[in-house]
Amino acid sequence: MLNTICARIWRGILIMERGREELRGYEQINEKIKRGDAIVMTAEEFIELVEQSGLEKAAKEVDIVTTGTFGAMCSSGAFMNFGHSEPPIKMIRCWLNDVPAYKGLAAVDAYLGAAAMSETRPFEYGGGHVIEDLVSGKEIELRAESYGTDCYPRRSLETTIVLEDLNQAYLYNPRNAYQRYNSATNSSDRILYTYMGTLLPRYGNITFSGSGQLSPLYKDLGLETIGFGTRIFLGGGVGYVVGEGTQHKPQSGFATLAVKGDLKGMSPEYLKGAVFQNYGTTLYVGIGIPIPLINMRVASTAALKDEDIPVDILDYSIPSRDRPIVKKSNYAELKSGRVLIGDKEVPSSPLSSVKVARKIAEVLKKQIENKEFFLQRPIELLPSYREFKPLKIKKREVTVRDLMMPLQELILASPEDEVKKVARLIVEKNIDHIPIISEDGVLIGIVTTWDLTKALAEDKHKLKEIMTRTVITAKEDERVDEVAKRMAQYHISGLPVVDDVMHVKGLITSDDISRKLVGRRAA
Amino acid sequence: MKVKLRYSHEVASKPILAEIILKTGLLINILEAKLTPKEGEMVIDIATQGSALKNALQQLRSSGLEVIELRSLVEVDKGLCISCGACISPCPSKAISFDENLDIEIDAKRCIGCGICVKACPRRAIQLI
Ligand code: SF4
Ligand code: SF4
């Protein structure tokens, strides 16, 4: 579906000039707003109108479609200027309510990121919460340190500030308002706590993000009206698009925006600090963008419905940048609360607030109708293609192969072997884990020194009586830190290293990892 | 309905609940129990209704237990909640849903007090009570 819609739109844009004002222009629209007779509809109202009277007629009638989204946007934050103390200080480190702000700027300028966490209450309170508290008018504790210079002699300070005290405080978010976003599920056997929320084991639930048919950037899928300088609703106040967002990838429906706006005009209703369990803190940002229906292409994407917006459901239990797609879905199915995966009906729920997104689209519509909000033609459009490059790790990473005990140093046993015999071998070789293999060399179990000791005490004879049959294993080319995590997770100290057909290649223990790895780093 | 029973030091060692179940035919499901020889707390779901329920609660009370009727095992702070829905699908007993205004609703009859929603809520708006 996306492919056809996208291809059609992009083909159209390649042929024709993007952003061409064919149905109406910005001046004309602003004139109508001034006169009080601009026709404004929220994206959802426009969808309904198109269904009733057809796209052509609806596009002629409606001047502006308003959109909205309210979701967790980690790449958000605020630039601030605190003003100078007496004597002044060149802050090299500073904290707001114990949340560190970036101080690689001039003496009393700082950037507070939404994902920065409180040093005293990590995973509970962070930069996003500070921003919410500031906008709520609450008092914030400011702490700063310096080395002292001839021009800025002070070395430390502690005080409190409120938003009004700051010379400037503006939201500057490098990546907001994803056009659409992938959805998450979990195939593993344990609960995952992710930035996509809590994911129950064995496809126990699905979470998704973004506002679907209200999504600002999806309603202008070809990026014909949203560009540098576009005036927007931001956090309850006025903001501007200041460029493409980081990881902007419009060719696949993942465009993003960088936005800016004065915190002093914003409202805590649309800026909410939040925390994702075991992941960290963030900020829910409310964004609404008016989309002028300048041509039929814009009108047609403004009319796209939840079921037209594809969403891949990804398996977040795979700790990789390329997570496998479990199912291709769409916002309509996800919002319904039930998604079929195979023959299992899996509950789905959003992370972004559709309720608040709807409200933003409504509020923006009212502001335009009340002549409080005018449209700004973008100074320049956003790139319509951006390669999204991965980060290559150029230094070779330590893998299991580097640290494992090779096959020739191991003792492999058969399930029929005698406990006593193996116990003796273990003592001679000073080994803790014995993989047990079948006649054709396939790993079928494991015993540890402790199992053998117990077996002797309990008078058991054969290894098959005592071996652990579900063996947690590692692969030769796995990264050592992944394997260390697995050991910690299952509370075990050694893993057989196997190939794809479960033939034993070696063994890796937590001892090997800690001793050899530390040795390596030191050297 | 859900009820929390509190055992004090004096009654903790007596089989009060078992006796009352036998006597009144009370239908219960134990949801949570923390009992030590000294004191204890138990959350039970009672299927029995009407006058039989009243009678049983009366007997539990007069045998020295503190009986607290639970409206719900969790509570949502509406002032903090942003109606995101992050708590809905993680709930293993499907107790949470949106109402027609897209506000969050917790069905006290389904909730088992597992606390998963408490951790799932990005606004820390849910508390176990
Ligand atoms: S406590 Fe558990 S059962 Fe109750 S609402 Fe929360 S997640 Fe659902
Ligand atoms: S997760 Fe928290 S904030 Fe979101 S709807 Fe549930 S209770 Fe409200």
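## Points about the environment of Met 487 of chain A
Among the structural elements, Met 487 of chain A can be located in helix H14 (residues 480–490). Beyond its immediate sequence surroundings of up to four residues, Met 487 of chain A is in contact with Ile 492, Ser 493, Gly 494, Leu 495, Ile 508, Thr 509, Ser 510 and Ile 513 of chain A.

## A few points about the domain arrangement of chain B
Residues and elements named next belong to chain B. Considered domain by domain, chain B is made up of domain 1 (2–70) and domain 2 (72–129). Domain 1 and domain 2 are separated by 27 Å when their C-alpha centres are compared. Across the interface of domain 1 and domain 2, roughly 450 Å² is buried in total on both sides, 47% from carbon and sulfur atoms. On the domain 1 side of the contact with domain 2, Lys 2, Leu 31 and Leu 70 bury the most area, a combined 74% of that side's loss. At the junction of domain 1 and domain 2, the tally comes to zero salt bridges. Linking domain 1 with domain 2 are zero residue pairs in polar contact (both at pLDDT 80 or more), by the criterion used here. When grouped by side-chain class, the residues that make up the side of domain 1 that touches domain 2 number two nonpolar, no polar and three charged.

## So, the nonpolar core
Membership of the largest hydrophobic core comes to 95 residues, with the highest contact counts inside it found for Phe 46, Phe 82, Leu 96 and Leu 263 of chain A. Once you skip the residues sitting within four places of it in the chain, Leu 263 of chain A turns out to touch Ala 78, Ile 131, Val 135, Leu 163, Ala 169, Tyr 170, Leu 171 and Leu 271 of chain A. Core analysis: the next-biggest nonpolar cluster, separate from the first, contains 17 residues, Val 3, Val 11, Ile 46 and Ala 56 of chain B among them.

## Describing the packing of aromatic side chains
All names here are of chain A. Counting across every chain of the model gives eleven aromatic pairs over all chains. Ring centres of Phe 70 and Tyr 284 lie 5.6 Å apart, and the angle between their planes is 55°; this geometry places the pair in the tilted category. Here Phe 70, found in strand E3 (residues 69–72), pairs with Tyr 284, found in strand E20 (residues 280–288); they are 214 residues apart in sequence, far enough to count as distant. With relative accessibility at 0%, the residue Phe 70 sits in the buried group. On the numbers, 5.1 Å between centres and 85° between planes, the contact of Phe 233 with Tyr 270 is edge-to-face. Note that Phe 233 is positioned in strand E16 (residues 231–234) and Tyr 270 in the loop between strand E18 (257–262) and strand E19 (271–276), a separation of 37 residues in sequence. For Tyr 270, a relative accessible area of 6% puts it in the buried group. A network of ring pairs unites the aromatic residues Tyr 178, Tyr 181, Tyr 195, Phe 254, Tyr 279 and Tyr 316 as a single cluster. Above the plane of the ring of Trp 95 lies Arg 143, whose end atom (NZ or CZ) is 4.5 Å from the centre.

Quick notes on the rules
- Residues numbered from 1 in each chain as written.
- Chains lettered and ligands numbered in written order.
- Predicted model: local features only at pLDDT ≥ 70, side-chain atom pairs only at ≥ 80, totals over all residues.
- Heavy atoms only, no water.
- Helix = DSSP H or I, 4+ residues; strand = E, 2+ residues; numbered from the N terminus.
- Contact = heavy atoms within 4.5 Å.
- Domains from an automatic or database assignment.
- Buried area = accessible area lost by both parts, 1.4 Å probe.
- Salt bridge = Lys/Arg side-chain N within 4 Å of Asp/Glu carboxyl O.
- Polar contact = N/O pair within 3.5 Å; in protein donor to acceptor, adjacent residues only side chain to side chain.
- Nonpolar A, V, L, I, M, F, W, Y, C, P; charged D, E, K, R; others polar.
- Core = buried A, V, L, I, M, F, W, Y, C linked by side-chain atoms within 4.5 Å.
- Buried < 20%, exposed > 50% of the residue type's maximum accessible area, 1.4 Å probe, protein only.
- Phe/Tyr/Trp six-rings, centres within 6.5 Å; stacked < 30°, edge-to-face > 60°.
- Lys NZ or Arg CZ within 6 Å of the ring centre and 35° of its normal.

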